[in-house]
Each structure stands twice: as structure tokens, then as C-alpha cells.
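Examination of the molecular architecture
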Amino acid sequence: MNKRFYALLILVVTILVGCSSQHTVLNKPPNVLIEIGKETYETKLGTYCWNNENNGVCVDTVGPIELLKGTEPIHVKSGDQIKFVMNYEPKPNEFSVTQMNNSEQIEISIKDNQITAPTEKGTYYYSYSVWWMDDHLENVSNGDAFYAFVIQVK
């Protein structure tokens, strides 16, 4: 009887451990992809602050234009939809997108995790900024990250 009990106990524990949800612990913010049509492209992680099991780290980098030096722009059509994709939970709860072209810098409206490519031809640099703001403490961030990418409108 004891052998059956222990065998059943081991089986139950194995099933519970195997079926439990696993939370992935990252040492830095998750990757962000951009999706244009059916194609996906990587962004480049810039400046961030990240908390990993009570070990906080902040990394400061150069701005988006310098960070993307030597990077081939993603070719898009005027008015294409650019969607931000992050396969990580929890998702950030605050977002901002800044567009840079020549010496001009403007904030772009983001809706449903998407922006629209400019109508004028040219090369445009972007900074996609995200924050994981605390749900209970006002003005407290549990992490933030800035992602950069460059497009060329044909």
C-alpha cells in the first residue's frame, strides 16, 4: 500500500509541477518587433531601467539616430501601418513614439499599438518608449525601455 501511495504522490507532484505556469525572468526588457504587412523586423533596445527579482539595473545608451548608425532602413510605402509586437506579460501600460527626420522631432499618435508611416518620402528614425507603471503607487515605474528603428518611405 505504501508503494502505491508514494507512486501516486510522485505522479501528482510531477503533473502539478509540469502544468504550473512559468514566469520568465528577464535580465533586461523584452524584445520588441515591428510588423509591417506580413513582415516582422527587430528594433534595437536603447536606454532602459529594469527590475529583475529585486535587482534593479539602468543602462544608458546614445540616442536613436546614433544607436542605428550603419543600420539599413526598413523600406515602407507611404501610409503603411507599423504595429508594435511584444511577446511578454505583463505588457507595458504607457507608450510614446517620437519620430525624427532631419533636425525635426515630433511625437506621433499611437493607437492599438500601431502608427502610420509618413506620406512624404524620406528616412525617419523612431523611438518607441514604454513604461511598466505601478498599478498601486502613483508615478512609480517598475521598468521602462526605449526601442529604436529606422524606416525609409519610398
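Owing to the predicted nature of the structure, the values given are computational and were not obtained by experimental measurement. (Residues numbered from 1 in each chain as written. Predicted model: local features only at pLDDT ≥ 70, side-chain atom pairs only at ≥ 80, totals over all residues. Heavy atoms only, no water.)

Take the overall build of the protein chain next. Scanning the protein chain from terminus to terminus reveals 2 helices and 11 strands. For the protein chain, the N- to C-terminal ordering of α and β elements is α-β-β-β-β-α-β-β-β-β-β-β-β. Across the 154 residues in the protein chain, those meeting the buried criterion constitute 31%. Taking as baseline every contact in the protein chain between residues at least 6 positions apart, the subset at least 24 positions apart corresponds to 67%. As displayed, the protein chain has an accessible area near 10700 Å², and 51% of this comes from carbon and sulfur atoms. (Helix = DSSP H or I, 4+ residues; strand = E, 2+ residues; numbered from the N terminus. Buried < 20%, exposed > 50% of the residue type's maximum accessible area, 1.4 Å probe, protein only. Contact = heavy atoms within 4.5 Å. Areas by Shrake-Rupley, 256 points an atom, 1.4 Å probe, with all protein chains shown as cover.)

As a further point, take the pairing of strand β6 (residues 81–85). Of the two faces of β6, the one lined by Ile82 and Phe84 is fully buried and the one lined by Gln81, Lys83 and Val85 carries no buried residue. Pairing of strand β1 (residues 33–36) with β6, which is carried by 3 bridges, proceeds in the antiparallel orientation. Its bridge partner being in β6, Leu33 is matched across the sheet by Val85. Taken together, the 3 bridges between β6 and strand β9 (residues 114–116) define a ladder with antiparallel strand orientation. Bridging from a neighbouring strand, Ile82 pairs with Ile115 of β9. (Pairing = 2+ DSSP bridges.)

The share of residues in the protein chain with pLDDT of 70 or more is 84%, and the mean pLDDT across the chain is 87. Segment residues 5–9 is flagged for pLDDT under 50; beyond a separation of four residues in sequence, or across chains, it makes 0 contacts in the model. (pLDDT = per-residue confidence, 0-100.)

For the structure on display, the rule yields 1 salt bridge. The partner of Lys91 in a salt bridge is Glu89, and the shortest N-O contact between them spans 3.5 Å. The exposure class assigned to Lys91 is partly exposed, which follows from its relative accessible area of 38%. (Salt bridge = Lys/Arg side-chain N within 4 Å of Asp/Glu carboxyl O.)

Okay, the environment of Thr123 next. Positionally, Thr123 belongs in strand β10 (residues 122–133). With residues up to four places along the chain from it excluded, the contact list for Thr123 reads Met100, Asn101, Val150, Ile151 and Gln152.

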